[in-house]
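Listed below are the residues making up each chain.
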Amino acid sequence: MSDKKRPPIRVLIADDEAEVRDAYRQILFEADMSSETAVFHNLRERLFSKPPEQLAKNLSPSDTAFAPVFCGGAEAAVAAVREALAADDPFAVAFLDMRMPPGPDGVWAAARIRELDPAIEIVVCTAYSDVDPRDIGAMVPPEEKLSYLQKPFHPHEIRQMTISLASKWRSEHRIVKLAYFDALTGLPNREQSRNRLNTALAAAKQHQRMLAVLYLDLDKLKRVNDTLGHAVGDELLCLVAARLRTSLRADDTVEELPGARSSHIARLGGDEFIVILPNIRSADDAAAVAARLISELQEPMRLAQHTLVVTPSIGVSMFPGDGVEADTLLRNADLAMYFAKRKGPGMSAFFDASMNDAALHRFTLEAKLRGALERGEFTLHYQPQFDVRTGGVSGMEALLRWTNDELGVVPPVEFIPVAEETGLILGIGEWVLRNACLQAKSWVDEGLPVARMAVNVSGQQFVLKDFPQTVAAIIKETGIEASMLELEITESVVMKDEAWAEQALAQLKEQGVMLAIDDFGTGYSSFGRLRHFAVDRLKIDRSFMTSLIDCSDDRAIAAAIIAMSRSLRINVTAEGVESFPQLLFLQEHECQEAQGFLFSRALPPADAHKLLVRAAETAAGTRTQRLRSLIG
């Protein structure tokens, strides 16, 4: 960029003598020096090394423009720098006279200006009798951004030093922008946000104020990138950044800090942003800002002929209650955001100390879960399924159990979600399917009455395009009859991609495998849609059984599921049966099967074997007699 196109160089001049300030003004504004020779004559001996009559002819015209600001003392200079930063119009160069009685001197001003603006180029104007420059450099680091002019000096020195230092400042400014600002949105990046948070924290500690960190994550940006392309995703991120800027009011920020609006927002990367609120009175203020940001961002956005609605999740941490260091506050806000996302889209959550315990437990589970399969820590237990019409055992459901040397027995409700989030469920699920089939084949070879082995299928397994082929390979490997294997797939997984579900279920059905919809009644499927799927069984979710006696609505829904299934020739198994009134209800409505603690918990292989032996020995008698002999 040529000098003509560049904005004027912002220069700060601080000197206690008005005549000296006027001299700087003449030098930088390039006025007609002949009318001001008296001023320069008076200053010649003290300030300049050449006679004033030579000044006009030596100051040749230049394309460089200057925008100087003049101060009469050190304190005024510091205030000017602060104001310039607040207006996002910083100085490139500052000339500070060494001696400015009766107030603080130039070194005092330089040290405080450097604290406010680490980028500014500072020139200290000294006489030969002043302090050694090496001593000044130690007080105002870094030395490479500190220059000196010793009196007397020539006007050209002022102009050329200003131009040279401003050029250096601009180059460094561009480098800083690349290093500390996000190229896409123009917001500060992760490194710069940490620096600014540290600055805000220092001010909060000094003035004993509260401060909040808002950690913001956009829900489902990956879906936008995958469906509409990364160009639309980038445009979305830029619009989000713009909305964040305009959504933050001036009273959400602290006046003493530079860049009152933009400096408190940063993009950490991907779809993650942070907002720093350094001037709040209470957590309610932070909650109000979070709610406003969520509301603003959820307004529809028009992008590339598509109307999109963004739902952000926001986690909030507070200084000093949730931490006094930047890393701690960022980590806790991030953790709170994770919990907010689990609550649902467009939600916020404040950090709580219990979140640390939960997160630590989660990370420990993941660490121990990795390698658990190779260490042989998994086992299968088997819960019997009973035919409530005959009182016999109709099948077994294989249920995964995990025992770790350090953690002990870990409930499935804790480790299964972690396995699914990390993708470990794929290898574990295949191990479960293979070993359940091997166990069923072993029992059949003994002549025990096992008509069916039910195995739960993870959603991650089911969506794999080669899943039907994997099932076929395991059936062949283990030697089990395909009709003896029943795969249980949750209703939500089936409804997530109906086209693939219909195709996959049809391929499995062609192999002769039995298919069941697990947790039926909790999703969005209907009997009309079920006709498109090759389903053999519905498993009524245990939540209906829990409230069956007390809730007439759940009782009516359960009765309707049983009746409609019977009309569609689909079998029904009720889960979570724990009382005789529940059993009587199922028998009254002619439900085929049930499982639950009333009959039996999930049993280790040896105990399941004993149950099957008893079932083979009690073929005679009424259904009540058979049930009592089996369940005790």
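Small disclaimer: the values here were computed from a predicted structure and weren't measured.

**A look at the overall build of the protein chain**
From N to C terminus, the protein chain includes 25 helices and 21 strands. Counting all 632 residues of the protein chain, 48% fall into the buried class. When contacts within the protein chain are restricted to residue pairs at least 6 apart in sequence, long-range pairs at least 24 apart make up 70% of them. Surface accessibility of the protein chain: about 29,800 Å² in total, with carbon and sulfur atoms responsible for 53%.

**Some words on helix H22 (residues 552–567)**
Counted at 1.5 Å a residue, the expected span for H22 with its 16 residues is 22 Å, and the 23 Å between its end C-alpha atoms agrees. Arg569, located one to two residues past H22, shows a positive phi value of around 60 degrees.

**Comments concerning the packing of aromatic side chains**
Applying the stated criterion across every chain yields a total of nine aromatic pairs. Centre to centre, the rings of Tyr24 and Phe95 are 5.9 Å apart; their planes meet at 45 degrees, and the pair counts as tilted. Here Tyr24 is found in helix H1 (residues 18–29), whereas its partner Phe95 is found in strand E3 (residues 93–97), with 71 residues between them in sequence. You'll find Tyr24 and Phe95 in the same group, each marked buried. For the ring pair Trp402 and Phe415, a centre distance of 5.5 Å and an interplane angle of 75 degrees mean the geometry is edge-to-face. Taken together, the positions of Trp402 in strand E14 (residues 393–404) and Phe415 in helix H14 (residues 412–422) put the pair 13 residues apart, joining distant regions of the chain. Per residue, the accessibility class of Trp402 equals that of Phe415, and both read buried. What links up through ring pairs into an aromatic cluster is the set Phe378, Trp402, Phe415 and Trp431. We note Lys465 situated over the ring of Trp500; from NZ or CZ to the ring centre the distance is 4.0 Å.

**Observations concerning the sheet that holds strand E11 (residues 312–319)**
Across the sheet, five strands lie side by side as E7-E8-E6-E11-E12; this open sheet has mixed pairing. At either margin of the open sheet sits one strand with a lone partner, and together these are strand E7 (265–269) and strand E12 (348–350). This sheet shows a mean twist of 20 degrees between the axes of neighbouring strands, independent of strand direction. As paired elements, E7 and strand E8 (residues 272–280) share four bridges and run antiparallel to each other. What sits directly across from Gly269, in E8, is Glu272. Of the strands in this sheet, strand E6 (210–218), E7 and E8 are in contact with helix H10 (residues 230–247), which crosses E8 at around 5 degrees. Running over the sheet, helix H11 (residues 283–297) touches E6, E8, E11 and E12 and is turned about 160 degrees from E11.

**With respect to the nonpolar core**
Within the largest apolar cluster, 82 residues are counted, with the highest numbers of intra-cluster contacts made by Phe462 and Leu487. Among the elements that make up this core, the one with the highest residue count is helix H15 (residues 425–445) (eight residues). Excluding its chain neighbours within four sequence positions, the residues that come into contact with Leu487 are Leu433, Val455, Val457, Phe467, Val471, Leu508, Val513, Met514, Leu515 and Ala516. Within the second largest apolar cluster, 32 residues are counted, among which are Leu244, Leu277, Met301 and Met318.

**Concerning the packing of helix H4 (residues 74–86) against helix H5 (residues 106–116)**
Where H4 contacts H5, the axes come no closer than 9 Å and their chain directions differ by 15 degrees. When the axes of H4 and H5 are compared, the pair comes out roughly parallel. Of the two possible hands of crossing, H4 and H5 adopt the one that is right-handed. Across the interface between the two elements, Ala74, Glu75, Ala77, Val78, Val81, Arg82 and Leu85 of H4 pack against Trp108, Ala109, Arg112, Ile113 and Leu116 of H5.

**Quick word on the confidence of the model for the protein chain**
Per-residue confidence for the protein chain averages 84 on the pLDDT scale, and 87% of its residues sit at or above 70. Ignoring residues within four places in sequence, the model shows residues 31–45, a span with pLDDT below 50, making 24 contacts including any to other chains. Confidence over residues 250–263 falls short of pLDDT 50; this stretch has 32 contacts with residues more than four positions distant or in other chains.

**Let's talk about the pattern of salt bridges**
Per the stated rule, a full pass over the model turns up 28 salt bridges. Notably, a salt bridge pairs Lys168 with Glu121, separated by 3.4 Å at the nearest N-O pair. With a gap of 47 residues between them, Lys168 in helix H7 (residues 155–180) and Glu121 in strand E4 (residues 121–126) connect regions that are remote in the sequence. Exposure remark for Lys168: the relative accessible area of 28% places this residue in the partly exposed category. Measuring nitrogen to oxygen at the nearest pair gives 3.8 Å for the salt bridge that ties Arg281 to Asp285. Each of Glu121, Lys145, Lys168 and Glu172 takes part in a single network of salt bridges with overlapping partners.

**So, the environment of Ser295**
Here Ser295 shows up in helix H11. The spacing of Ser295 and Thr311 is 16 residues in sequence and 8.9 Å in space, taken between C-alpha atoms.

**Points about the packing of H1 against H7**
For the pair H1 and H7, interaxial distance at closest approach is 10 Å and the crossing angle is 60 degrees. Like other packed secondary-structure pairs, H1 and H7 cross with a definite hand, here right-handed. Facing Tyr24, Ile27 and Leu28 of H1, the residues of H7 in contact are Pro155, Ile158, Arg159 and Thr162. Here the residues of the contact of H1 with H7 sort into five nonpolar, one polar and one charged.

**Some points on unusual backbone geometry**
Residue Pro102 is reached from Pro101 by a cis peptide bond, and omega for that bond is 10 degrees. Of note, the bond from Phe319 into Pro320 is cis; its omega dihedral lies within 30 degrees of zero at 5 degrees. Although it is not a glycine, Asp519 adopts a positive phi angle of roughly 55 degrees. By the secondary structure assignment, Asp519 is in strand E18 (residues 514–520).

**Observations regarding the sheet that holds strand E5 (residues 146–150)**
With parallel pairing, the five strands of this open sheet are ordered in space as E2-E1-E3-E4-E5. Both outer strands of the open sheet, strand E2 (66–71) and E5, are each paired with one neighbouring strand and no more. Each strand axis lies, on average, 20 degrees off the axis of its neighbour in the sheet, ignoring direction. Sheet analysis places strand E1 (residues 9–14) next to E2, joined by six bridges and oriented parallel. Each residue of the ladder has a partner; that of Arg10, found in E2, is Ala67. Sheet contacts for H4: E1, E2 and E3; angle to E1, the most-contacted strand, approximately 160 degrees.

Each value, and the rule that gives it
Residues numbered from 1 in each chain as written. Predicted model: local features only at pLDDT ≥ 70, side-chain atom pairs only at ≥ 80, totals over all residues. Heavy atoms only, no water. Helix = DSSP H or I, 4+ residues; strand = E, 2+ residues; numbered from the N terminus. Buried < 20%, exposed > 50% of the residue type's maximum accessible area, 1.4 Å probe, protein only. Contact = heavy atoms within 4.5 Å. Areas by Shrake-Rupley, 256 points an atom, 1.4 Å probe, with all protein chains shown as cover. Expected span 1.5 Å × (residues − 1). Phe/Tyr/Trp six-rings, centres within 6.5 Å; stacked < 30°, edge-to-face > 60°. Lys NZ or Arg CZ within 6 Å of the ring centre and 35° of its normal. Pairing = 2+ DSSP bridges. Axes fitted to C-alpha atoms, helices over the stretch in contact; angles between N-to-C directions. Core = buried A, V, L, I, M, F, W, Y, C linked by side-chain atoms within 4.5 Å. Parallel < 35°, antiparallel > 145°, perpendicular 65-115°, else oblique. Left-handed = near helix turned anticlockwise from the far one by under 90°. pLDDT = per-residue confidence, 0-100. Salt bridge = Lys/Arg side-chain N within 4 Å of Asp/Glu carboxyl O. Nonpolar A, V, L, I, M, F, W, Y, C, P; charged D, E, K, R; others polar.

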